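# Observations on chain architecture
Listed below, chain by chain, are the residues.
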Amino acid sequence: METFQQLLMGFHVAATPFNLLLCFLGCVIGTIIGALPGIGPAAGLSILLPLTFGMNPTSGMIMMAGLYCGTMYGGTITSVLINVPGEAASVMTCLDGYQMAMQGRAGKALGIAAIGSFIAGTASVVFLMLLALPMVKFALSFGPPEYFALMLMGLCTVAGLTSGSVLKALAGTCLGILVATPGMDAFSGLPRLTFGLTGLLGGIDFVVVAVGLFGIGEVLYNVEQSMEMKFLIEKISIKEVWPNRAEWRASVGPITRGTLIGFLVGVLPGAGGTIATFLSYAVEKRVSKHPEQFGKGAIEGVAAPEAANNASTGGAMVPLLTLGIPGSGTTAIMLGALMMYGLQPGPLLFLKNPDFVWGVIASMYIGNVMLVIMNMACIPLFVKICKIPNYFLMPFVIVFATVGVYSVDGNIFDVWMLYVFGVMGYFMNKFGMPRAPVLLAVVLGPMVERALRQSLILSQGSYDIFFTRPISAVLLMMGLAAVLWPVFDMIWQRRRARRMAGA
Amino acid sequence: MKRAEQILGIVLLLFAIYIGYESTQIDTGGTIGSVGAGFIPFWMSVSLGIISVAMLVQSITLPSDRFAPTFFSEKTARMQVLWVLAGYLVAVAVMKPLGMLISLAIVMATTMPAFGARSWKVIAFTAIATPVIVYIVFGHWLKVDLPMGILENVLSIY
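In this report, the structure presented in the accompanying data block is examined. What you are looking at is a predicted structure, and each value in this text was computed from that prediction instead of being measured. (Residues numbered from 1 in each chain as written. Chains lettered and ligands numbered in written order. Predicted model: local features only at pLDDT ≥ 70, side-chain atom pairs only at ≥ 80, totals over all residues. Heavy atoms only, no water.)

## Description of the overall build of chain B
So the rule is basically this: Secondary structure elements are defined from DSSP: runs of H or I of at least 4 residues count as helices, runs of E of at least 2 residues count as strands, and each element is numbered from the N terminus. Note on exposure labels: buried denotes an accessible area under 20% of the residue type's maximum, exposed denotes more than 50%, and partly exposed covers the range between, all computed with a 1.4 Å probe on protein chains only. Contact definition: two residues touch when any of their heavy atoms are within 4.5 Å.
Looking only at helices and strands, one finds six helices and zero strands in chain B. Taking the principal axes of its C-alpha atoms as reference, chain B extends roughly 60 × 50 × 25 Å. Counting every position in chain B, which comprises 158 residues, the buried fraction comes to 44%. The contacts of chain B with a sequence gap of at least 6 include a subset with a gap of at least 24, amounting to 49%.

## Concerning the overall build of chain A
Under the convention used in this document: The atom set for the radius of gyration is the C-alpha atoms, and the globule formula is 2.2 Å times the number of residues raised to the power 0.38. In this description, accessible areas are obtained by the Shrake-Rupley approach with a 1.4 Å probe, and a residue is regarded as covered only by the protein chains that are shown. Only four residue types enter the charge count: Lys and Arg as positive, Asp and Glu as negative, with His and the chain ends excluded. For charged residues, the charge sits on one atom: NZ in Lys, CZ in Arg, CG in Asp, CD in Glu.
Helix and strand counts for chain A come out as 22 helices and two strands. On C-alpha atoms alone, chain A measures out to a radius of gyration of 22 Å, which is about the 23 Å that the 2.2 N^0.38 rule sets for 503 residues. Projected onto the principal axes, the alpha-carbon positions of chain A cover approximately 70 × 60 × 55 Å. Put simply, of all contacts in chain A between residues at least 6 apart along the chain, 79% involve residues at least 24 apart. Of the roughly 18900 Å² of accessible surface on chain A, 67% is carried by carbon and sulfur atoms. Across chain A, the mean location of the 28 positive side-chain charges is 9 Å away from that of the 22 negative side-chain charges.

## Things to note about a positive patch on the surface
To be explicit about the condition: Candidates for patches are residues over 30% relative accessible area with no salt bridge; among them, like charges are joined within 9 Å and nonpolar side chains (Val, Leu, Ile, Met, Phe, Trp, Tyr) within 5 Å. We define a salt bridge as a contact between a side-chain nitrogen of Lys or Arg and a carboxyl oxygen of Asp or Glu at a distance within 4 Å.
Taken together, the side chains of Arg 286, Arg 494, Arg 495, Arg 496, Arg 498 and Arg 499 of chain A together with Arg 66 of chain B define a basic patch exposed on the protein surface. Counting residues per element, the positive patch draws most heavily on helix 22 (residues 470-502) of chain A, which supplies five residues.

## With respect to the side chain of Ser 52 of chain B
Looking at where Ser 52 of chain B falls in the secondary structure, it is placed in helix 2 (residues 39-61). Apart from residues lying up to four places away in sequence, Ser 52 of chain B is in contact with Gly 9, Leu 12 and Leu 13 of chain B.

## Overview of the pattern of salt bridges
Residue and element names in this part refer to chain A. All chains considered together, the criterion is met by ten salt bridges over all chains. For the salt bridge of Lys 430 with Glu 224, the shortest nitrogen-to-oxygen distance reads 2.8 Å. A residue pair is termed long-range when its members are at least 10 positions apart, and Lys 430 in helix 19 (residues 412-430) and Glu 224 in helix 9 (residues 206-224) qualify at 206 residues. Each member of the pair Lys 430 and Glu 224 is classed as buried. One salt-bridge network, in which partners are shared between bridges, spans Asp 185, Arg 192, Glu 449 and Arg 453.

## With respect to the state of the cysteines
Residues and elements named next belong to chain A. Spelled out, the test is: A pair of cysteine sulfur atoms is labelled a disulfide when the two atoms are within 2.5 Å.
All told, the structure shown has zero disulfides over all chains when counted by the stated rule. No disulfide involves Cys 174; its sulfur sits 9.8 Å from the nearest other cysteine sulfur, which is in Cys 156. On the basis of relative accessible area, Cys 174 is assigned to the buried category, the value being 5%.

## A closer look at the interface of chain A and chain B
Selection rule: By buried area we mean the combined loss of accessible area, with a 1.4 Å probe, across both parts when two parts are placed together. Pairing of N or O atoms within 3.5 Å defines a polar contact, subject to two protein rules: one partner must be a possible hydrogen donor and the other a possible acceptor, and residues neighboring in sequence count only if both atoms are side-chain atoms. Three classes are used, and their members are as follows: Ala, Val, Leu, Ile, Met, Phe, Trp, Tyr, Cys and Pro are nonpolar, Asp, Glu, Lys and Arg are charged, and the others, Gly among them, are polar.
Contacts between the two partners involve 55 residues from chain A, matched on the other side by 63 residues from chain B. Between chain A and chain B, a total of about 5200 Å² is buried, with carbon and sulfur atoms accounting for 84% of that surface. Across the contact surface, chain A and chain B share one salt bridge. Here chain A is connected to chain B by five residue pairs in polar contact (both at pLDDT 80 or more). Looking at which element gives the most residues to the side of chain A that touches chain B, the answer is helix 18 (residues 390-409) of chain A, with 13 residues. Each residue belonging to the side of chain A that touches chain B can be placed in one class, and the counts come to 40 nonpolar, eight polar and seven charged.

## Side note on helix 16 (residues 354-377) of chain A
Note the following rule: Expected span, for any helix, means 1.5 Å times one less than how many residues it has.
Over its 24 residues, helix 16 of chain A extends 34 Å from the first C-alpha to the last, a length consistent with the 34 Å expected when each residue adds 1.5 Å. Extensive coverage of helix 16 of chain A is indicated by the burial of 19 of its 24 residues.

## Structural notes on the packing of helix 3 (residues 75-93) of chain B against helix 5 (residues 100-114) of chain B
Residue and element names in this part refer to chain B. Worth spelling out the cut-off: Here an axis means a line fitted to C-alpha atoms, over the contact stretch when the element is a helix, while the angle between two N-to-C directions is reported on a 0 to 180 degree scale. Throughout, the term roughly parallel applies to angles under 35 degrees, roughly antiparallel to angles over 145, roughly perpendicular to angles from 65 to 115, and oblique to all others.
Put simply, helix 3 and helix 5 touch, their axes get as near as 8 Å, and they point 175° apart. Looking at the two axes, helix 3 sits roughly antiparallel to helix 5. For the pair helix 3 and helix 5, the contacting residues are Gln 80, Trp 83, Val 84, Gly 87, Tyr 88, Val 90, Ala 91 and Val 92 in the first and Ser 103, Ile 106, Val 107, Thr 110, Thr 111 and Ala 114 in the second. Here the residues of the contact of helix 3 with helix 5 are counted per class, giving nine nonpolar, five polar and no charged.

## What about the nonpolar core?
Applied cut-off: In plain words, nonpolar cores are sets of buried Ala, Val, Leu, Ile, Met, Phe, Trp, Tyr and Cys residues tied together by side-chain atoms within 4.5 Å. Just so you know, the domain bounds were taken from an automatic or database domain assignment.
Counting 199 residues, the largest nonpolar core has Ile 361 of chain A together with Leu 146 of chain B as the members making the most contacts within it. Here this core takes 15 residues from helix 6 (residues 106-139) of chain A, the largest share from any one element. For this core, the two domains that each supply at least three residues are domain 1 (2-66) and domain 2 (75-151) of chain B. With residues up to four places along the chain from it excluded, the contact list for Ile 361 of chain A reads Leu 7, Val 125, Leu 128, Met 129 and Leu 321 of chain A.

## Describing helix 3 of chain B
Residues and elements named next belong to chain B. Cut-off, in case you're wondering: The directions considered for the arc are those from the helix axis to the C-beta atoms.
An ideal rise of 1.5 Å per residue puts 27 Å on 19 residues; helix 3 measures up with 27 Å between its terminal C-alpha atoms. Residues of helix 3 that are buried: Ala 77, Val 81, Val 84, Leu 85, Gly 87, Tyr 88, Ala 91 and Val 92. Taken end-on, helix 3 shows its buried residues confined to a sector of 160°, consistent with a single buried face.

Listed below in structure tokens is the structure:
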């Protein structure tokens, strides 16, 4: 009952004309960003972040939440119509979505993706709502050692579960924490690692890092990629989009399972939408009565991953809103934004700023309704937008990123730093080094340090405090397990391969 | 690409050593109940050093076929990246003396050809129109105090 009352209050906050407009704008921009290959959700969010600083926190976050959900919807369009995923979480949709388009069923693929996304997105917000208050009550008992362990676990999980080399992800985490250290030390007031540059006395703003790594870095990477967009179908009527009874029957199970998988994976730090889609696709193929049709245009192969990647958005918001711990690059940007708005992320956010939290949750419901309508009715429009040549789009990203970063503090030094992080982002992309751990570490680094030092003050310098308190001990063990997981996985794979070769 | 991976390992190792040294110049020690300002940077640089050595060893011991054959797909791709980087560097360098608007015009004019724009009319028009839009949206509507440089006396923001 308490949750329902809070949600009503949230709708009251979110349903003002201005907030509805921002939610709509966020959804439109998010869908476009999601559809455009080369600009991921993190890049889009980071580039548009400075624009929200002039707004009140609730309105700013509503726009960002709309944008986040929109990117998940938008990625489908190019996956189905040109076999190019708009963002990483849409890769699995390409497999069957494009095949459906080749068979003249592009409308059905886009339709079931939009409907599945709507059901999953809405259900994940319900789960978020139901899980949030118990999580908050539990987290209120946390002290600095538990927070330290929780954040360390978050960083380890992101590094351990991220795709690609774990060594590179761990290196990225260390780099991120180092990037967060220059400036005045909060405890002693001593300047550190400023290298004589006065611009570094205030530290390096996370916006600069986010926009540099994801915005400028992505643009530089795209210079090398030639992306010619050849759409299979450009005009799709609403009739073609709506699934028939057989397609509905085939999709209900995959959407339900995709929603559950997506939400649960979304809650885990580091896993995110991409892993959720891979997992849900694999599950569907396994439970299907006709697995041979997967990859050849099976509607289940579109419904399940699309539901999973949209359900992951609600899941990812659980640790962000209740514990103040982001689980991915995109939610790290949202957490950074929260702090820049002057809000203290964590369980107290629900008690001190309920209008903000419930306003954002309510706006996610509204956003999902807007998105399903837009994605059913406006596909031809988005196709047209996707055809904007890269030579307009990419330079505009640089311009927008530069002005946006400058406008945060009005400091040209930040633009220099943007250049540095842009180059870093480019090389990280080239070397296959995941950038999310860096950004997460930049955001969490100062919080980890504060929690560590507060814990050691509490324990008078004894590190036992982290192992004698059950919650922090369990969290640290989980973090260790996450880092060691790829090693165990490799050993297991080798043993399996040897066994297969022996047989 | 194998060579590039080795260079990456060496660069990260050197960076870790340098930051580790700089951290020792602050205060790395832990007195009772607290750790100093250099504690986190020092231990992070130690961790980064260990990881970079592991990366270096991996890049030396793994066979070449486990890596992508080249770092840049084509020579022209490398030149285009360098061109965009150089153009952007010039734009950032002249931002203070010439102002942000001229600097953004340079960004547009240098970046658009790298992404395949061929018509100089389109490039020139966009390079001029973009700063105008930025001036109106950010300078006037959002009241951002843009550095105007040599245009300070010609265009006022407020």
